[in-house]
Amino acid sequence: MLLPIYDVVDSVITQLETSKQVLLHAPTGAGKSTGLPLAILNNTRFSGRIIMLEPRRIAARSVAERLAEQLNEPVGMTVGYRMRSETKVSVSTRLEVVTEGILTRMLQQDPELSDVSLVILDEFHERSLQADLALALLLDVQEGLRDDLRILVMSATLDNQRLSSLLPEAPVVVSEGRSYPVVRSYQPLPAHLPFEQAVVSVVLRLLQQETGSLLLFLPGMGEIQRVLAQLEGKVNNDILLCPLYGALSLAEQRKAIAPAPAGMRKVVLATNIAETSLTIEGIRLVVDSGLERTSRFEPKSGLTRLITQRISQASMIQRAGRAGRLEAGVCWHLFSQEQAERATEHSEPEILHSDLSNLLLSLLQWGCRDSSQLHWLDNPPQAVLTVAQSLLTRLGALDDKQQLTARGWRMTESGCEPRLAAILCLAREWCLGKGSCAEKESTGEVLATAAKLVAILEEPPRWGQPDLTHCLTSNQSHWQQRAKQLFRNLVRSLADYTVADSNSINLEYVPELLVQGFPDRIAKNRDNLGRFQLATGLGAVLAREESLSGETWLVAPTLQQGSKTPDARILLACPLNIEQIIRQYPALFTEQTAIEWDDNKGTLRAWKRLKCGRLTVKAQPLAKPSVTELQEALLNWVRQEGLAALTWSQEASQLRIRLQRAAEWLPEIEWPAVDDDALLDSLDQWLQSALEMEHVQDLKRLRQVELSSALVTLLDWQQRQILDNELPTNYTVPTGSRISVEYFYDKPPVLSVRMQEMYGEQQNPVLAKGRIPVVVELLSPAHRPLQITQDLAAFWRGAYREVQKEMKGRYPKHLWPDDPANAAPTRRVKKYM
């Protein structure tokens, strides 16, 4: 049977011959990955190669094999593939399937892509970071170097509107596809059962009711293993259980993808890796948990947190569609229809929640110092780019002018993430005599150790002992293969320098190598119970029974930030000799002299400390400090304890609120920020001058400082005038009384005043150049609230009548005129008027 994509092949080819960019929307199963590339290869006049980017390695290999199979050729002839640890291409290769930044490196090495006619971005709806970067670079190439280069963006759930706004001249080709009907139903799991147990019950029920193989979508590897363990022994002997996730071996992945043996059914337990790209043979039943596990980079901590979340509506459609590839199918969604309707339409792009250090390194290598110079579907978040810039500087990739250093250029050539590239660069520098510990006869060991270490950190084990030495002495084939590749690359980069070939590693080099790539992951033991503190100040934990939990110092390259605890879990680490690191890498440490409040002794003490980030390595007491040092210590104490440790009078608190509301209500004027973070950052500007003027030298005097006087120093003369005029502390009512105005962070300002004093006031008071009406709280003669209004004129005309009737009987000695808007105001009773 012909693939549905063949219905639009002619249209795609015609558009590619006349347009620089073409968008193709083809649902899963249409054959866009396995049918269209060969059709283009055989029916166009393109003289150069075709490059197709696949976001997942398992899909890249599978697609290349399927394409080569159609040509009756082995992979590596007409069709080949390239990925991080494996390449199968030859001089006769005309169609290359690439992944994992390979396309980016090809562009960096040859920006013109001189022998390439077409680049296909497959499964673009997944919005992988590499796909977004590749598109931005390719558009730049088209603009400046190759107006004949063609780009084909293919997706199963294309966001046409946004892509068309980025590529306004790109025609859109739609393949309807031909899938069999899928009966979708919603089966929420019972709340009283554990998740895995409830899922197993659903799977067994569906297998009993329907024929055919089943695809079960679960959020992650842990759930797959637990559900698999419960299914074993409960399914019939004719059912084959096959897990499918990225960390599996190639053989196990192929087993999951292949058709079930004759006379057998198959249950494939997969992550969202099976949503698109992959063709899993024989599936007509789908069970969708509705969950996925994804990573979220947190700029403040520099760590990536794994979260389990609801999938998007687009993913639900993709998962259900897997059941209708070969015949009519059934899909059970394990959530309610209401939850499905509330889900987001599309998944969030990786570029918005990922570590962007590698992307920034690629941009700098490209010659782009400002990401806004390129065309993006979603712009990289500036805050995350700033964090990435800081990390690259610490790794030695950037100089003071934020330009690539010699090491930075080396890191771009390694094909690894920046932290791992820094480890490889250090090993190379040792071999050239620039390092501290490698002798010439040991250079082979240095390179082999670095290569093996990087191979492990690229694909760390998902479980097992956290001590890295166990991994380094392991001979797992995928680590060995990748390590050999990295070792050869390192040897080649040394050119004429002789390196003794070595397959052995030296564990003594590991801590130093790790520190080079992970200086912020140096950790100090807090209690010998598995609790550590990182150089960033964050907490990290090991299981108490782990051997490493008793080490004084660790370097922990692999951490996992959980969602239920502030402390990160240490997945891989090794012990650290901190004295050796101090000698060999003094730049990682700083000396600080600080005077601090000693709670135990109730006094200020001076210390000289050697710090690694926020960790104290050594501390030495100093003699009695000077007045200046004491005041600096008090400021440090405030930074540590927070602003709440100071005495905030009503006047000072109101001033802060007025300044924050002024920034909101009068944005055309530049106001100083007075939130907690801003005030802590500017203590030297506003609080220190108060300490100097009042000769403050201890905590008692510090707590007596009137903070409103200190805060006013943040304003210039003009700002003070505007603040006092437009957001005054008092309002003069018709009697001449100056009544306090109370300001709030989250509601309008309030004026509480006796009603008689407001007689004659015809309009409601307003602040901030007339933009903000004041809430007037009108009080009885006994100062009890009678009415609250933001429209005084309307009150006089309306609700006042009811108040007047009641108050005349209760307070007959006071004035209650019939026309209060035009009556004379008073502070007194009628007899004195």
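Preceding block: the structure.
Nothing here was measured: the structure is a model prediction, and the numbers come from that model.

Looking at the sheet that holds strand 27 (residues 750-754)
Phase 1: Reading across the sheet, the five strands line up as 25-26-27-30-31 and stay open at both edges, with mixed pairing between neighbours. Unpaired on one side and paired on the other, strand 25 (730-732) and strand 31 (785-789) mark the two borders of the sheet. Averaged over all neighbouring strand pairs, the angle between strand axes comes to 30°, with direction disregarded.
Phase 2: Where strand 27 lies against strand 30 (residues 775-779), five bridges are found, and the strand directions are parallel. Opposite Val753, over in strand 30, you have Leu778 as the bridge partner.

Re the pairing of strand 6 (residues 116-121)
Phase 1: Of all six residues in strand 6, six are buried, a share of seventy percent or more.
Phase 2: Bridge analysis of strand 6 against strand 7 (residues 150-155) gives four bridges, and the strand direction is parallel. Paired with Val119 across the two strands is Ile151, which belongs to strand 7.
Phase 3: The parallel pair strand 6 and strand 7 is bridged by helix 5 (residues 129-144), and the resulting crossover is right-handed.

Quick word on the environment of Arg810
Phase 1: Looking at the element boundaries, Arg810 is found in helix 29 (residues 800-810).
Phase 2: The spacing of Arg810 and Ser780 is 30 residues in sequence and 10.0 Å in space, taken between C-alpha atoms.
Phase 3: Here Glu806 takes part through its side chain, which lies 3.0 Å from a polar atom of the side chain of Arg810.

Focus on the packing of aromatic side chains
How two aromatic rings sit relative to each other is set out by the distance from centre to centre and by the angle between their planes.
Phase 1: Inspection of every chain in the model, using the stated rule, returns six aromatic pairs.
Phase 2: Looking at Arg656, its charged tip hangs above the ring of Trp648, at a distance of 5.0 Å from the centre.
Phase 3: In this structure, Lys747 packs its charged tip against the face of Phe744, placed 4.5 Å from the ring centre.

Observations regarding the pairing of strand 31
Phase 1: Pairing of strand 30 with strand 31, which is carried by four bridges, proceeds in the antiparallel orientation. What sits directly across from Val776, in strand 31, is Thr789.
Phase 2: In this structure, the hairpin formed by strand 30 and strand 31 is closed by a connection of five residues, where His783 is found at a positive phi of approximately 65°.

Let's talk about the state of the cysteines
Among covalent bonds in proteins, the disulfide is the one between the sulfur atoms of two cysteines.
Phase 1: Considering all chains together, one arrives at zero disulfides under this definition.
Phase 2: Looking at the unpaired Cys242, the closest cysteine sulfur is the one in Cys331, lying at 19 Å.
Phase 3: Residue Cys242 is classed as buried on the basis of its relative accessible area of 2%.
Phase 4: Overall, the relative accessible area of 0% leaves Cys331 in the buried class.

A look at the pattern of salt bridges
Phase 1: A complete count under the given rule lists 44 salt bridges for this structure.
Phase 2: The partner of Glu458 in a salt bridge is Arg482, with the nearest N and O atoms 2.7 Å apart. Of this pair, Glu458 sits in helix 16 (residues 443-458) while Arg482 sits in helix 18 (residues 477-493), and the two are 24 residues apart along the sequence. Each member of the pair Glu458 and Arg482 is classed as buried.
Phase 3: Note that Lys805 is salt-bridged to Glu802, the shortest N-O span being 3.9 Å. Here Glu802 and Lys805 lie together in helix 29, a separation of three residues that amounts to about one turn. Across this residue pair, the class does not change: Lys805 and Glu802 are exposed.

Section: the side chain of Thr99
Phase 1: Along the polypeptide, Thr99 turns up in the loop between strand 5 (95-98) and helix 4 (102-109).
Phase 2: In contact with Thr99, not counting residues within four places along its chain, are Leu53, Glu54, Pro55, Arg56, Arg57, Ala60, Arg82 and Met83.

Structural notes on the sheet that holds strand 7
Phase 1: The strand order across the open sheet formed by eight strands is 4-3-5-2-6-7-1-8, and the pairing between neighbours is mixed. Two strands close off the open sheet at either side, each with one partner strand: strand 4 (86-88) and strand 8 (172-174). Neighbouring strand axes in the sheet, compared pairwise and without regard to direction, differ in orientation by 20° on average.
Phase 2: Two elements, strand 1 (residues 21-25) and strand 8, share three bridges in a ladder whose sense is parallel. Each bridged residue has a counterpart across the sheet, and for Leu23 the counterpart in strand 8 is Val172.
Phase 3: Against the sheet, helix 3 (residues 57-70) makes contact with strand 2 (49-53), strand 3 (79-83), strand 4 and strand 5, and its axis sits at roughly 170° relative to strand 3, the strand it touches most.

Quick look at helix 8 (residues 221-231)
Phase 1: Inspection of helix 8 places Met221, Glu223, Ile224, Val227, Leu228 and Leu231 among the buried residues, and these make up the whole buried set. Buried residues of helix 8, viewed axially, fall in a sector of 155°; they line one side.
Phase 2: Those residues of helix 8 that are buried are in contact with helix 7 (195-209), strand 10 (213-217), strand 11 (239-244), strand 12 (265-270) and strand 14 (291-298).
Phase 3: Of the residues one or two after helix 8, Gly233 is the one with positive phi, at around 90°.

Section: the packing of helix 4 against helix 12 (residues 357-366)
Phase 1: For the pair helix 4 and helix 12, interaxial distance at closest approach is 10 Å and the crossing angle is 20°. As the angle between them shows, helix 4 and helix 12 are arranged roughly parallel. When the axes of helix 4 and helix 12 are compared, the crossing they make is left-handed. Together, Thr104, Leu107 and Gln108 of helix 4 and Ser362, Gln365 and Trp366 of helix 12 make up the contact between the two elements.
Phase 2: Split by residue class, the contact of helix 4 with helix 12 holds two nonpolar, four polar and no charged.

So, the nonpolar core
Phase 1: Counting residues in hydrophobic clusters, the biggest one holds 105 residues, and the most contacted among them are Leu103, Leu121, Ile423 and Leu514.
Phase 2: Other than its neighbours up to four places away in sequence, Ile423 contacts Ala450, Leu453, Val454, Leu457, Leu513, Leu514, Gly517 and Phe518.

Calculation rules
- Residues numbered from 1 in each chain as written.
- Predicted model: local features only at pLDDT ≥ 70, side-chain atom pairs only at ≥ 80, totals over all residues.
- Heavy atoms only, no water.
- Pairing = 2+ DSSP bridges.
- Helix = DSSP H or I, 4+ residues; strand = E, 2+ residues; numbered from the N terminus.
- Axes fitted to C-alpha atoms, helices over the stretch in contact; angles between N-to-C directions.
- Buried < 20%, exposed > 50% of the residue type's maximum accessible area, 1.4 Å probe, protein only.
- Right-handed = clockwise from strand over helix to strand, strands pointing away.
- Polar contact = N/O pair within 3.5 Å; in protein donor to acceptor, adjacent residues only side chain to side chain.
- Phe/Tyr/Trp six-rings, centres within 6.5 Å; stacked < 30°, edge-to-face > 60°.
- Lys NZ or Arg CZ within 6 Å of the ring centre and 35° of its normal.
- Disulfide = S-S within 2.5 Å.
- Salt bridge = Lys/Arg side-chain N within 4 Å of Asp/Glu carboxyl O.
- Contact = heavy atoms within 4.5 Å.
- Arc of directions from axis to C-beta.
- Parallel < 35°, antiparallel > 145°, perpendicular 65-115°, else oblique.
- Left-handed = near helix turned anticlockwise from the far one by under 90°.
- Nonpolar A, V, L, I, M, F, W, Y, C, P; charged D, E, K, R; others polar.
- Core = buried A, V, L, I, M, F, W, Y, C linked by side-chain atoms within 4.5 Å.

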